[in-house]
Amino acid sequence: MTTGTASWLPLSPGERSVAIEVLVHGPLSRTDLARRLNLSAGSLTRLTKPLIESGLLVEVPDGGTAEETRQGRPSQPLDVVAQSRSFIGFKITGDMVYGVVTTLRSDIVARHDRPLRTHDPEEVVALLGEMTDELARAHPGLAGIGIGVGGRVEDRATVGESPFLGWRDIPLAALVEERTGLPVVLENDVAALVEAETWFGAGRGLDRFVVLTIGAGFGYGLVLSGRRVPCVEEDGGFGRHIIIDPSGPLTPDGERGSAVSLLTIPSIRYQVQAATGREHTYEEILALAAAGEPMPARVVDEAARALGTLIAQIAHFVMPQKILLAGEGVGLMDVGGATVEAAVRAHRHPLAAPVALETKVSDFHDWARGAAVLAIQVLVLGAAQG
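All values derive from a computational prediction rather than experimental measurement. (Residues numbered from 1 in each chain as written. Predicted model: local features only at pLDDT ≥ 70, side-chain atom pairs only at ≥ 80, totals over all residues. Heavy atoms only, no water.)

(A) Layout of the packing of helix α8 (residues 265–276) against helix α10 (residues 294–318). At a minimum axis separation of 9 Å, α8 and α10 run at an interaxial angle of 150°. The way α8 lies across α10 gives a crossing that is right-handed. Two secondary-structure elements touch here, α8 through Ile268, Gln271, Val272, Ala275 and Thr276 and α10 through Met295, Pro296, Val299, Glu302 and Ala303. Across the contact of α8 with α10, the residue classes tally to seven nonpolar, two polar and one charged. (Axes fitted to C-alpha atoms, helices over the stretch in contact; angles between N-to-C directions. Helix = DSSP H or I, 4+ residues; strand = E, 2+ residues; numbered from the N terminus. Left-handed = near helix turned anticlockwise from the far one by under 90°. Contact = heavy atoms within 4.5 Å. Nonpolar A, V, L, I, M, F, W, Y, C, P; charged D, E, K, R; others polar.)

(B) Expanded view of the packing of helix α1 (residues 13–25) against helix α3 (residues 41–54). Where α1 contacts α3, the two axes come as close as 9 Å, and the packing angle between them is 75°. Put simply, α1 runs roughly perpendicular to α3. Between α1 and α3, the residues in contact are Gly14, Glu15, Val18 and Ala19 and Leu44, Leu47, Thr48, Pro50 and Leu51, respectively. Taken together, the residues that form the contact of α1 with α3 break down as six nonpolar, two polar and one charged. (Parallel < 35°, antiparallel > 145°, perpendicular 65-115°, else oblique.)

(C) Quick look at the sheet that holds strand β4 (residues 96–102). The five strands lie next to each other as β5-β4-β3-β6-β10, forming an open sheet whose pairing is mixed. With one partner strand each, in any of the chains shown, β5 (108–115) and β10 (184–188) form the two edges of the open sheet. Strand-to-strand twist of the sheet, defined as the mean angle between neighbouring strand axes without regard to direction, takes the value 20°. With five bridges connecting them, strand β6 (residues 142–149) and β10 associate as parallel partners. Along β10, the bridge assignment pairs glycine 146 with valine 185. Along the sheet, helix α4 (residues 121–138) makes contact with β3 (86–92), β4, β5 and β6, crossing β5 at roughly 145°. (Pairing = 2+ DSSP bridges.)

(D) Region of the structure containing unusual backbone geometry. With an omega dihedral of 0°, the bond running from glycine 26 to proline 27 counts as a cis peptide bond. Along the chain, the position of proline 27 falls in the loop between α1 and α2 (30–37). If you check the backbone angles, asparagine 38 has positive phi at about 55° while not being a glycine. Assignment of secondary structure puts asparagine 38 in the loop between α2 and α3. For asparagine 38, a relative accessible area of 71% translates into the label exposed. Positive phi outside glycine occurs at aspartate 155, with the angle close to 55°. Secondary-structure assignment places aspartate 155 in the loop between β7 (152–154) and β8 (158–162). (Buried < 20%, exposed > 50% of the residue type's maximum accessible area, 1.4 Å probe, protein only.)

(E) Region of interest: the pattern of salt bridges. If you walk through the whole model with that rule in mind, you get 21 salt bridges. A salt bridge links glutamate 21 to arginine 36, with the nearest nitrogen and oxygen atoms 3.0 Å apart. One end of the pair, glutamate 21, is in helix α1; the other, arginine 36, is in helix α2, with 15 residues separating them in the sequence. Residue class for glutamate 21 comes out buried when judged on its relative accessible area of 15%. Residues glutamate 195 and arginine 228 are paired through a salt bridge, measuring 3.1 Å at the closest nitrogen-oxygen approach. Of this pair, glutamate 195 sits in helix α6 (residues 189–200) while arginine 228 sits in strand β13 (residues 227–228); the two residues are 33 residues apart in sequence, bridging distant segments of the chain. Arginine 228 shares its class with glutamate 195; the two are buried. (Salt bridge = Lys/Arg side-chain N within 4 Å of Asp/Glu carboxyl O.)

(F) The pairing of β5, seen in detail. Across seven bridges, the pairing between β4 and β5 is antiparallel. Note on β5: the bridge partner recorded for tyrosine 98 is aspartate 113. In this structure, the hairpin formed by β4 and β5 is closed by a connection of five residues, where serine 106 is found at a positive phi of approximately 75°.

(G) Geometry of the packing of aromatic side chains. In total, this model carries two aromatic pairs according to the counting rule given. Consider the rings of tryptophan 199 and phenylalanine 200, whose centres lie 5.9 Å apart with planes at 70°: the pair is edge-to-face. Under the relative-accessibility criterion, tryptophan 199 is labelled buried at 5%. (Phe/Tyr/Trp six-rings, centres within 6.5 Å; stacked < 30°, edge-to-face > 60°.)

Spatial relationships are all this shows, so hold off on functional conclusions.
In structure tokens:
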């Protein structure tokens, strides 16, 4: 469904390293690029020549962008043409499919969402195909599709298990590829978000970086030496077994006092309903807590203290340069931020370095963007991330 992408592939390991460095950190001068990759001038010239000839890299004027020119002197910086290719990212939840189109640098240029009325795999594939058709009409240069789902994903191709969708062993990537004619990469949604933040977001350029997500579920991602650390149990419900407070609440979806029982939106709603006999949305609970309503305030305060305790423990063992808190549940910080910070301080050595905590107010389009980044990594650059 695209023209010219095949001319970029396959990239040799050296060419891939150059392309990724420029994509993530460019524009870069040849001198800077050689220093970053520990290459001689001759080796760099050998590696960049085919990338320039194929159109993946271009020379730009100092301070300029790749879109401004495709001409230049050898001394000019190298950059990618961000608009040269487009990618679709889909985030599938229990009741919606969120879609985005991004540039080669993951900038979102279009959004397209549709309700998910059934979890039947054939119907979901048909819906993804329809959404792709609509997006392709406005963005004819599509190079590939990335899909993020909550649950266990195998070989970036099969949904091994997804509690949100009730799926087991669904070869989603192959089914969508057959329907759309575009190459498809599938990944756990938290892993995709971590990759996006590592390449293009809060973790860019960091050696040690952690992502925590709270929302419908609980997610954790670890980056060491600039690369995400994959794990077999990724988003396989391990948050139910991370015990923060052994005497904490017991909820239907987690062990007593677990990260899931204390921090996820369904558990917080469950606790408030059990205590008050009334159902409230998450946003209503936060507003009631901020207004001083006793039970919502107690539940939110307990969640905030648990989050601070968890952040402190992560800081102890991982020593990250930054922890990013993301997901649809980060509104907890608006109400309980001071409690979170106090709990972090209480559980850290007095002389310990402050924890660099960044909160990202995000929606499901950020998760879809993460899936698109997987497509950029795997389909265009052939990068074997994870």
